[in-house]
Amino acid sequence: MDQFSLECLRHGIPIDPLPEYDGKRNVNIVHAPNRLHNLNNYHDKQLAIDNALRYFPCHLHSLLSVEFRNELDQYGHIYMYRFIPKFPIRAYPIDLYPAKCQEAAAIMLMIMNNLDNDVAQFPQELVCYGGNGQVFSNWAQFWLTMKFLSSLECNQTMVLSSGHPLGVFPSLSSSARLLISNGNMVANYSSKELYNRYFALGVTMYGQMTAGSFCYIGPQGIVHGTTITILNAARNQLGTDQLSGKVFVSSGLGGMSGAQPKAGVIAGCISVIAEVSLEALMKRKRQGWLMEVENDLNNLIKRIEKARNDNEIVSIGYHGNVVDLWEKFADYHRKTGKLLIELGSDQTSCHCPFTGGYYPAGIGYEQAKQMLENDSEEFRKLCQKSLVRQVAAINYLAEQGMYFWDYGNAFLLEAYRAGADLNPTETSYGIKFKYPSYVQDIMGDVFSLGFGPFRWICTSGDAKDLQISDRIALDIMTKLSMDPDLDKESKRHYQDNIKWIENADKHQLVVGSQARILYSNHDGRVAIARAFNQAIRDGKITRPIVISRDHHDVSGADSPYRETSNIYDGSAYTADMAILTAMGNATRGATWIALHNGGGVGFGEAQNCGFGLVLDGRSETEEKAANILFWDVTNGVARRSWSGNSNALKTIEKIQTKNTNIQVAKNHLH
Ligand SMILES: NC(=O)c1ccc[n+]([C@@H]2O[C@H](COP(=O)([O-])OP(=O)(O)OC[C@H]3O[C@@H](n4cnc5c(N)ncnc54)[C@H](O)[C@@H]3O)[C@@H](O)[C@H]2O)c1
């Protein structure tokens, strides 16, 4: 791809001439399930079409309105397929973008990465991951955003409102270059049902976490998180981090869930993951992220027994419904008295269970897809019955000693709503289920220590820059891990991440942009960012680095069944932390800031935020990085300490002793 080809990004929506379009979708690309909505009458549909036509001059309206009506009728949403770019979308090196300022070019690179065919789950529907995590709502928004970014000056800020590029406004050179709000609703209208309507109208959009904030780095982020989760689940629940011969069972080989077998291998266990879609399963197999495939449950059991006996490290994909898999394990135990599983979870897309996120047992995958289109109510009922069956089998196995956790995909919440036996207890701080969210038992106390998913992207696109940055991060983490003041738990997290970063290159985790992730506390994040900036200034790293994080972090998400499920003062249902985090990052000059409704657990169930900062070697940028990263972590630790979390209480005390310019309200109960 030469510079000339990307020049088209400067010109906005291609309308002169209009791109050729035969009205058909590309059958060689996987498409999103048809979206459900209740725009049933003429006026509702016309409003959606008119909303879409706003992007085009009047002389095109008669032609496009027919196309848009067809898309709405056939696919449940107006994506504007005619305007899918003809060139391959990917994270081209930063110098190739037609931009006036480097920060804008970096944002363009991040957008392109999120829509890369190899990265995005349903690229033509602009879905990055999680079934419905939109980068934009339609292709007109992509083109217009790129045009605005091409002309963006270093004293302007662009605004994106649920995918719609509202415009570019004057600001300061030290201000953010981009502000993003996705899916935020007036509180009483923040329901999944209403979301379907407003998404179809084209006025809101579900940005998941890093989809709509342009900070997705392919499945690497989740490989890391899942590895750490499995390791810590084993430590906390099995009392060991030696996982050889131990079995982890889950479901989903999709966008994020597809990381599970790879993470299982890195953690050193036997992982068995069910997936109904052969396409999704084979994609992971081809990528080398899944080692073996089995579709016969009896053979699968034999294979697991052998792997257990031989202490193998192996990942096996079961092609079939996870409900059948759990029931098979339960039957096997009833007959033999043998428990084949130590650790269990689920990663179907239960944040949108009845629109294609969760497939019911008892009918085939293709048949289920047809049912979803033709009889969505029956589909919902079957899904609910399946969830109840799945929990019944899990309950039986958990009684025999398996440890099960909710993986932040709203599995327990939806199973509970479906009537599954989850022994819900109303506590003064909210509903508690039989099983914990992984944040409660496994990850929450990691967040309370300030550890969370820091990530960076080398905008040169050069793998050598990434290797140099890995080395820098490794040196810093190693040095910090030797601090005699460090508590035992933080030291262990540093050590886990040192091991991760030492082997990251070897595990070939890059899909899309040259990116890396690790978990660190504020000290590590600040020190690594400073060192990267210095390396860019010295020319050791050739082009800028974008630093960012998953929204799933210490302070990035208010989500009562996930990130804040271990907040027990009743404030788990409030969303002030994510909003304040975003405001604080904007104040400190992050390059872009995003505030989202939804995330992994579903629309209306969480509030989350993210940011990106372009490190360009300047000393002002280093100052910004230090300030942003310190705030971004410590405000979450402060909130967690106020709620009474013991790790957070200790951590914030220590932070205040070392840094005299931070003062946090003392929790006198602890
Ligand atoms: N805990 C975390 O850190 C975390 C991170 C990312 C995503 N999530 C959540 O995990 C879920 C999965 O994310 P994703 O990006 O992989 O979504 P996805 O939709 O790409 O993948 C889910 C997969 O599950 C399969 N599936 C659905 N029902 C099934 C069934 N009954 N049996 C077997 N397979 C079935 C689907 O075919 C699909 O491939 C989402 O709800 C997401 O929000 C959690």
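Calculation notes
All residue numbers here refer to positions counted from 1 along the written sequence of the relevant chain. A pLDDT threshold of at least 70 governs which residues receive local features in this predicted model, and a stricter bar of 80 or more applies before side-chain atom pairs are shown or counted, although totals over entire chains, interfaces and linings include all residues. UniProt positions are given in the numbering used here, feature names are shortened, and annotations may be inferred rather than shown by experiment. By the criteria applied, helices consist of DSSP H or I runs no shorter than four residues and strands consist of E runs no shorter than two, each listed in order from the N terminus. Radius of gyration: over C-alpha atoms. The globule rule applied is 2.2 Å multiplied by the number of residues raised to the 0.38 power. Exposed residues have 12 or fewer other C-beta atoms within 10 Å of their own C-beta, buried residues have 20 or more, and partly exposed residues fall in between, where C-beta atoms are placed from the backbone. The contact criterion used here is simple: two residues whose C-beta atoms, placed from the backbone, lie within 7 Å are in contact. An automatic or database domain assignment provides the domain bounds reported here. Amino acids outside the nonpolar list (Ala, Val, Leu, Ile, Met, Phe, Trp, Tyr, Cys, Pro) and the charged list (Asp, Glu, Lys, Arg) are all regarded as polar, and Gly is one of them. A residue counts as near a molecule or strand when its C-beta atom, positioned from the backbone, falls within 6 Å of it.

As annotated in an unreviewed UniProt entry, the protein chain is urocanate hydratase from Dermatophagoides farinae. Turning to the protein chain, the UniProt annotation filed under Sequence similarities (unreviewed entry) states: "Belongs to the urocanase family." Under the UniProt heading Pathway (unreviewed entry), the entry covering the protein chain gives this text: "Amino-acid degradation; L-histidine degradation into L-glutamate; N-formimidoyl-L-glutamate from L-histidine: step 2/3."

Where do I start with the overall build of the protein chain in this structure?
Counting its secondary structure elements, the protein chain contains 21 helices and 19 strands. Relative to the compact-globule value of 26 Å for 670 residues, the protein chain shows a C-alpha radius of gyration of 24 Å, a close match. The principal-axis extents of the C-alpha atoms in the protein chain amount to approximately 70 × 65 × 45 Å. Classification of the 670 residues of the protein chain by burial places 56% in the buried group. In the protein chain, 73% of the contacts between residues at least 6 apart in sequence involve partners at least 24 apart.

Would you mind showing me how to read the domain arrangement of the protein chain here?
In many reports, interface size means the accessible area that the parts give up when they come together. When its domains are assigned, the protein chain resolves into domain 1 (3-129 + 136-153), domain 2 (220-436) and domain 3 (443-550 + 611-658). Computed over C-alpha atoms only, the centres of domain 1 and domain 3 are separated by 34 Å. Taken together, the contacts link 13 residues of domain 1 with 13 residues of domain 3. For the side of domain 1 that touches domain 3, a count of residues per class yields eight nonpolar, two polar and three charged.

Explain the site of the ligand to me, please; I cannot follow it from the model alone.
Looking at the ligand, there are 34 residues lining it, with Gly254, Gly255, Ser257, Asn409 and Gly600 nearest. Looking at the shell around the ligand, its residues break down into 13 nonpolar, 20 polar and one charged.

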